[in-house]
Amino acid sequence: MLPSSSQPLTLQAQRIRAAMWFLVPMIAALAITAAWPLARTIYFGFTDTSLTDLYGGQWVGFDNYLNWRTLSSGRVIFRGTLVDPGWWNAVWNTVRFAVISVSFEAVLGMIVALVLNAEFKGRGLVRAAILIPWAIPTIVSARMWGWMLNDQFGMINDLGLKLGLLSEKIAWTASPDTAMLAILVVDIWKTTPFMALLCLAGLQMIPREIYESCKVDGIHPVRVFFSVTLPLVRPALMVAIIFRTLDALRIFDLVYVLTPNSSATKTMSVIARENLIEFDKFAYGSAQSTLLFLLIALFVIFYIWLGRVNLSGEGR
Amino acid sequence: MRLVKQSLFYFLVGIIVVVSIFPFYYAVVTSFKTGTSIFQVDYWPTTFAWDNYLAVLQQGSFPRNIFNSIFVAILTVVLSLLFAVTASYALARVSFRGRGLLLLTILSVSMFPQIAVLAGLFELVRFLGLHNTPWSLIFSYTVFTLPFTVWVLTTFMRDLPMELEEAAIVDGASPVVIIAQVFLPLMWPALVTTGLLAFIGAWNEFLFALTFTSSNSTRTVPVAIALLSGASQHEIPWGSIMAASVIVTVPLVILVLIFQRKIVAGLTAGGVKG
């Protein structure tokens, strides 16, 4: 408790009081733009609200998640997101996408970081070059790659045919067999730089003397990497992987633009927005958004609980 | 043996550079083609015509979309920096109970999926009468720019020496004066970095922009590019799309290259240390 104003405040108390006033605008802003909308989304998931009548929804409990009716014939019909094949398909797409893309990004990012950590002529230029994919807006990269992957006029098919890697032109983004591959390629291309920069920051914190003494002892570079470098950059790498995984789990724009309406790539965010805005199943979409939120929250809690990473950055 | 190793290394470097740059290069090459030559695959520039650029800038609402994007991004940056500077001073320099928890909450807000707030924000935007205005975007972008700016500025401020502040406190300066006269002059690098990252975030945002605006004149650039289409599905105007893409990307790439070091420092402060 703060002392009453009749007593002189101690310096520390004064500072704390000022700090509280400084925090109020930020906390208020986040409460209005994040906490309240999140609470409303969760609430909508338990109602039958529709897009055209946002305030006319009735409380329906868990019906959007799961409900069942027994027909007169005795058969039970289940409905709701949890028995919706479209939803589980989206869950599977999202998880598959997140696992594959983040694994590739971690490995490739590490390789690029190792290259950039070596001293060579033109290193600055290479670092500038890898920043370009990161700087390009996702929508733009989706369009650029959409053009390169075009089935008839795309340069990927042209190159593949010329090099003899392909025997015929492939509709990369339209065919269900390759649509996910296209999404993965574009995402890996775009976000490996981010991974590489975080890995590089970790690599640069390792003192050079360690490498020199390994060299003097004649240890093979591959062994040095696995027994010295990797354990030392692991904290940085782990944080990068967590951030990327969280990002990958909520992917929306790339899928929406590069492979529209392809059930082979539809992710949880895409299907939730589709229901929310386009299909006039506002409450149903809210329930799906809530499920995605829960998945991501569980993931975060799991990692904090593992205690491997100190996210608050204190006491380090 | 050494020569082999070195050439292999430079080969790897070459691949990294080519893969990074090629898609953008190819978009630029395509954007300068006209007519049917667009449908011919060329790896080198063959024609150099501004037709696509003129088409994009003269027809329709693209110039308006660019203006919208600039307006939204700048205001988002200014507002989130304004809120974040004072908040991060409190979080970095004053110790109070619950600080760690508050920081963790802020971090988790920056991590949660935007779709989770979409329905609630949609209602709020409608309620406030902001639907289909740039203000709906400035309002909603706070969700992801504010936590991030607070986080990075807090890490930055925490690393500044304590002595700086002590002298000012002894002189009886109030916290507002301390922020304005002691910290702000030192914080320019961090402000530029976080401002730039927030700008890029707002400039690139798609989900909210797609949902909260509904007419050509209020859309931002990413939505405009995503929805750019021809009369039918088979008549996608690739030339115009590439020209529009180049127009919105070039300023960004230039900014990123100029502020390369600062951006890398900001990203790693937000990621590794944070």
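Because the structure is a prediction, the values reported are computed rather than measured.

Rules behind the numbers
Residues numbered from 1 in each chain as written. Chains lettered and ligands numbered in written order. Predicted model: local features only at pLDDT ≥ 70, side-chain atom pairs only at ≥ 80, totals over all residues. Contact = placed C-beta atoms within 7 Å. Helix = DSSP H or I, 4+ residues; strand = E, 2+ residues; numbered from the N terminus. Nonpolar A, V, L, I, M, F, W, Y, C, P; charged D, E, K, R; others polar. Expected span 1.5 Å × (residues − 1). Bend = angle between axes of the 7 residues up to and from the residue. Buried ≥ 20, exposed ≤ 12 C-beta atoms within 10 Å, placed from the backbone. Axes fitted to C-alpha atoms, helices over the stretch in contact; angles between N-to-C directions. Parallel < 35°, antiparallel > 145°, perpendicular 65-115°, else oblique. Left-handed = near helix turned anticlockwise from the far one by under 90°. Core = buried A, V, L, I, M, F, W, Y, C linked by C-beta atoms within 7 Å.

Each partner contributes residues to the interface: chain B has 75 residues there, and chain A has 77 residues. Take the side of chain B that touches chain A: its biggest share by element is 11 residues, from helix α1 (residues 2-31) of chain B. A breakdown of the residues in the side of chain B that touches chain A according to their chemical character gives 54 nonpolar, 18 polar and three charged.

As a further point, take helix α6 (residues 134-158) of chain B. Within an α-helix, residues lying three or four positions from one another point in the same direction, as the helix has 3.6 residues per turn. All names here are of chain B. An ideal rise of 1.5 Å per residue puts 36 Å on 25 residues; α6 measures up with 35 Å between its terminal C-alpha atoms. Of all the bends in α6, the largest measures some 45° and sits at threonine 142. Counting buried positions along α6 gives 23 out of 25 residues, so the element sits mostly inside the fold.

Residue and element names in this part refer to chain A. The N-to-C vectors of helix α1 (residues 11-44) and helix α11 (residues 282-306) enclose an angle of 120°; their axes lie 7 Å apart at closest approach. Judged on the interaxial angle alone, α11 and α1 are oblique. The two elements α1 and α11 cross, and the hand of that crossing is left-handed. Contact residues: Thr41, Ile42 and Phe44 in α1; Phe282, Ala283, Ser286, Ser289 and Thr290 in α11. Here the contact of α1 with α11 is composed, by residue class, of four nonpolar, four polar and no charged.

Ala196, Cys199, Ala240 and Leu258 of chain A together with Ala84, Ala87 and Val150 of chain B are the most contacted members of the largest nonpolar core, which totals 163 residues. The biggest single contributor to this core is helix α6 (residues 179-204) of chain A, with 15 residues. Contact partners of alanine 196 of chain A, with chain neighbours within four places excluded, come to Gly109, Val112, Ala113, Leu116 and Ile130 of chain A.

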